[in-house]
Amino acid sequence: MRFEAGHPVRVEFTKWGGRPHWSFTGIYLGEDEHGEWIGHPVGTEFARPGHGWVADWESVSLVPHHDAAHFPAFNRPNDRVSSQIYVDMCTPPVWQDSTVTCIDLDLDVVKKFDGSVYIDDEDEFEHHQLEYGYPPEIISMTEGSAERVFLAVKESQAPYDATPERWFEALSLHQGK
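Each value, and the rule that gives it
- Residues numbered from 1 in each chain as written.
- Predicted model: local features only at pLDDT ≥ 70, side-chain atom pairs only at ≥ 80, totals over all residues.
- Heavy atoms only, no water.
- Helix = DSSP H or I, 4+ residues; strand = E, 2+ residues; numbered from the N terminus.
- Expected span 1.5 Å × (residues − 1).
- Buried < 20%, exposed > 50% of the residue type's maximum accessible area, 1.4 Å probe, protein only.
- Contact = heavy atoms within 4.5 Å.

Caption draft 1: Molecular detail of helix α2 (residues 136–154). Taking 1.5 Å of rise per residue, 19 residues should cover 27 Å, and α2 covers 27 Å from first to last C-alpha, within 8% of that figure. Those residues of α2 that fall on the buried side of the exposure criterion are Ile138, Ile139, Thr142, Gly144, Ser145, Ala146, Val149, Ala152 and Val153. Buried positions along α2 lie against β7 (70–75), β8 (83–90), β10 (99–112), β11 (117–120) and α1 (122–132). One or two residues past the end of α2 sits serine 156, with phi positive at roughly 55°.

Okay, here's the thing in C-alpha cells:
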C-alpha cells in the first residue's frame, strides 16, 4: 500500500498542452486488485478554472493499475449530478508523492442512476483532436479505453459492480480524522 489509509492525497487533471482542469483532494483508502482508491467525503471542494463546487455527497475514485487510460469515480445519490459512475478517459494516471496526475482526454463513460450507460463528449473529443493536435496513438488509446470501459460498465463488470461499496465503507471510517 502506498500510504496509510486516511492519508490526504491530491488529484490534478490537466487538459492537453498543460492547461489546468479539475483538481480536488481526497483521502487515501487503500488498494485492491483494481487499483488504489481515494475517498471524497461531503465537503470536498472540486474546482477547475471558472467553475467549482463543494460536494454535498460522498464519492470514491479509483486510480487503476496496469497503466489504464481512465479514471473512474463513483457517486452516492445526490441532487447535483445524475451519474452513479463517471469515468474520464485520460492518460494513465501517475503518482508523484501524494498527488496523482493525468491528462483528461475528453471522452467519458457515464452510468446514470437510472441505469442508462453512454459515452459522452464525443464532439469535444473530435474538436480537440484538431485544435490541440492529439497524436494518433493518443486518439487510438482514448477510443480503445472508452470502448472497453463502456462494455465493462454496461455489463457491470468489476469494479463497476458492487466493488465500490467496500470503499464507501472505508471512507465512512476515515471521515473527520
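Caption draft 2: The arrangement of the side chain of histidine 70 in detail. Here histidine 70 shows up in strand β7. Judged by relative accessible area, histidine 70 falls into the buried class, the value being 13%. The contact partners of histidine 70, leaving out residues within four places of it in the chain, are Pro64, Val87, Asp88, Met89, Cys90, Pro93, Ser145, Val149 and Tyr160.

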